[in-house]
Amino acid sequence: MKEEDGTTAPQSGGKRRVRALYDYKPQKMGDMRFQKGEVMMLLVDSTHDNWWAVRHADGREGFVPSNYVTLDDTVTRQYLGLDVAVRMREAEREPAMSVDEFLEAVDLLKKFRHDKLEHVFGVHTKAEPMCVVIEWMSQGSLLEYLREGKGTHVDLPCLIDMAAQVASGLSYLGHNGCIHMDVAARSILVGDNNVAKLMCFGDLRVTDEDGEYLREQDKKFPIKWTAPEAAFYGKCNTMSTVWSFGVLLQEIMTRGQVPYPGMNNRETLEKVEKGYRMAKCPSTPELLYKLQLACWEREPRKRPTFAFLANCLSDYSTLTKSVSTSS
């Protein structure tokens, strides 16, 4: 099906797929054995849980650890000679994104334009599956990039520079009355020359006149990335997003490790509430760790702004690049 803008609409929906990032051997009853590169079908929408229920191509069903797989529902197309990504509204998913939710997500993508946010070229809404056409980022998600892509070898200045780029995009959103609900390595796209951009479709929320967004009680959320006030009371704002950014910095410095290793969601919530904070990664400079701790201040008003974080990280990246060049 050809659209007016020359893009091709995908022909079929279906349940969401996941692709294995690594080999996995079952650790307990109910685990699914799989190998890197294998594609499985997601059985329920549990993408904010640590374990996902899936069906293998050979018919087996079981659970897989979420940090061993990645969502695989983006299709590559050509648009005016450029590679683009096509993200679909899959009506057969349970629960599916409603038409109104899809259109609202598209409107927000169109409204907020910044060079550190993914760019939307067009949408298809005439038939199912509806889809949005966005720019293609050659290195995939930051999580994949850090774990098995070129990010496994990039140096510290490059890592800090990408963090600065993300902070810049988040600063823009905050200044325009909007927040991102899933600031994590999985939600950052990496392109050529280590350009980093926020993947925003479906994750943007407009705040009220007080700068807050109250999360729906029945909505799942990524507990290990969520600020205490947002986790316990559903109060989300720019400062709660700053907390998530501190966790993102930990992901970056550990090359994609899951935050709070060895702790489940309940343990994480309980310990964080009592004042626990993740320890400094051995490769993390002291100044950067101080920024992380500032992001994890108990009182939201004491956390740094994204404008401050973007400037600080940008300056630090420039300084470390200069030192490494001259040495």
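Up top is the structure.
Parameters and conventions
- Residues numbered from 1 in each chain as written.
- Predicted model: local features only at pLDDT ≥ 70, side-chain atom pairs only at ≥ 80, totals over all residues.
- Heavy atoms only, no water.
- Helix = DSSP H or I, 4+ residues; strand = E, 2+ residues; numbered from the N terminus.
- Buried < 20%, exposed > 50% of the residue type's maximum accessible area, 1.4 Å probe, protein only.
- Contact = heavy atoms within 4.5 Å.
- Areas by Shrake-Rupley, 256 points an atom, 1.4 Å probe, with all protein chains shown as cover.
- Pairing = 2+ DSSP bridges.
- Core = buried A, V, L, I, M, F, W, Y, C linked by side-chain atoms within 4.5 Å.
- Phe/Tyr/Trp six-rings, centres within 6.5 Å; stacked < 30°, edge-to-face > 60°.
- Lys NZ or Arg CZ within 6 Å of the ring centre and 35° of its normal.
- Axes fitted to C-alpha atoms, helices over the stretch in contact; angles between N-to-C directions.
- Parallel < 35°, antiparallel > 145°, perpendicular 65-115°, else oblique.
- Left-handed = near helix turned anticlockwise from the far one by under 90°.
- Nonpolar A, V, L, I, M, F, W, Y, C, P; charged D, E, K, R; others polar.

J.: Whenever I open this one, the overall build of the chain confuses me. Can you help?
T.: Along its length, the chain carries eight helices and 15 strands. Burial status across the chain gives 50% buried among its 327 residues. A separation threshold of at least 6 residues defines the contact pool for the chain, and within that pool the share at least 24 residues apart is 63%. Total accessible area computed for the chain in this model is approximately 16,100 Å², and 51% of it derives from carbon and sulfur atoms.

J.: When you look at the pairing of strand β1 (residues 17–20) in this model, what are you seeing that I'm missing?
T.: The two faces of the sheet receive side chains in turn, since in a regular strand these alternate between them. Side chains Val18 and Ala20 project from β1 onto a buried face, and the interleaved Arg17 and Arg19 project onto a face without burial. Pairing of β1 with strand β2 (residues 39–42) involves three bridges; the strand directions are antiparallel. Paired with Arg19 across the two strands is Val39, which belongs to β2.

J.: Hey, could you run me through the nonpolar core in this one?
T.: Where a protein is soluble and globular, its nonpolar side chains tend to be buried together. In terms of nonpolar packing, the biggest core is built from 66 residues, with Leu142, Leu173 and Phe245 touching the most fellow members. For this core, the leading source of residues is helix α3 (residues 156–175), giving 11 residues. Those residues in contact with Phe245, other than ones at most four positions away along the chain, are Ala163, Val166, Ala167, Leu170, Val183, Cys295, Phe306, Leu309 and Leu313. Counting residues in hydrophobic clusters, the runner-up holds 11 residues, among them Tyr24, Met32, Phe34 and Val69.

J.: Just checking my understanding: could you explain the packing of aromatic side chains for this structure?
T.: Between two aromatic rings, the relevant description is the distance of the centres plus the angle of the planes. Per the stated rule, a full pass over the model turns up seven aromatic pairs. Taking the centre distance of 5.5 Å and the plane angle of 25° together, the rings of Tyr24 and Phe34 count as stacked. With Tyr24 in the loop between β1 and β2 and Phe34 in the loop between β1 and β2, this pair connects stretches of sequence that are 10 residues apart. On the basis of an interplanar angle of 90° and a centroid distance of 5.7 Å, the ring pair of Phe245 and Phe306 is categorised as edge-to-face. You can see Phe245 sitting in helix α5 (residues 238–253) and its partner Phe306 sitting in helix α8 (residues 306–326), a full 61 residues away along the chain. Summarising the burial analysis for this pair, Phe245 and Phe306 share the class buried. Here the aromatic cluster, defined as three or more aromatic residues joined through ring pairs, consists of Tyr24, Phe34 and Trp51. Directly above the aromatic system of Trp225 lies the positively charged group of Arg186, at a separation of 4.1 Å from the ring centroid. Above the face of the Phe221 ring, Arg215 is positioned so that its terminal group lies 4.0 Å from the ring centre.

J.: What exactly am I supposed to notice about the packing of α3 against α5 here?
T.: Helix packing for two helices is described by the angle between their axes and how far apart those axes are. Between α3 and α5, the least distance of the axes is 11 Å, while the angle of their chain directions is 165°. Relative to α5, α3 is oriented roughly antiparallel. Of the two elements, α3 crosses α5, and the hand of that crossing is right-handed. Residues Leu156, Leu159, Ala163, Val166, Ala167, Leu170 and Gly174 of α3 lie in contact with α5, whose contacting residues are Thr238, Thr241, Phe245, Leu248, Leu249, Ile252 and Met253. Residues belonging to the contact of α3 with α5 are distributed by class as follows: 11 nonpolar, three polar and no charged.

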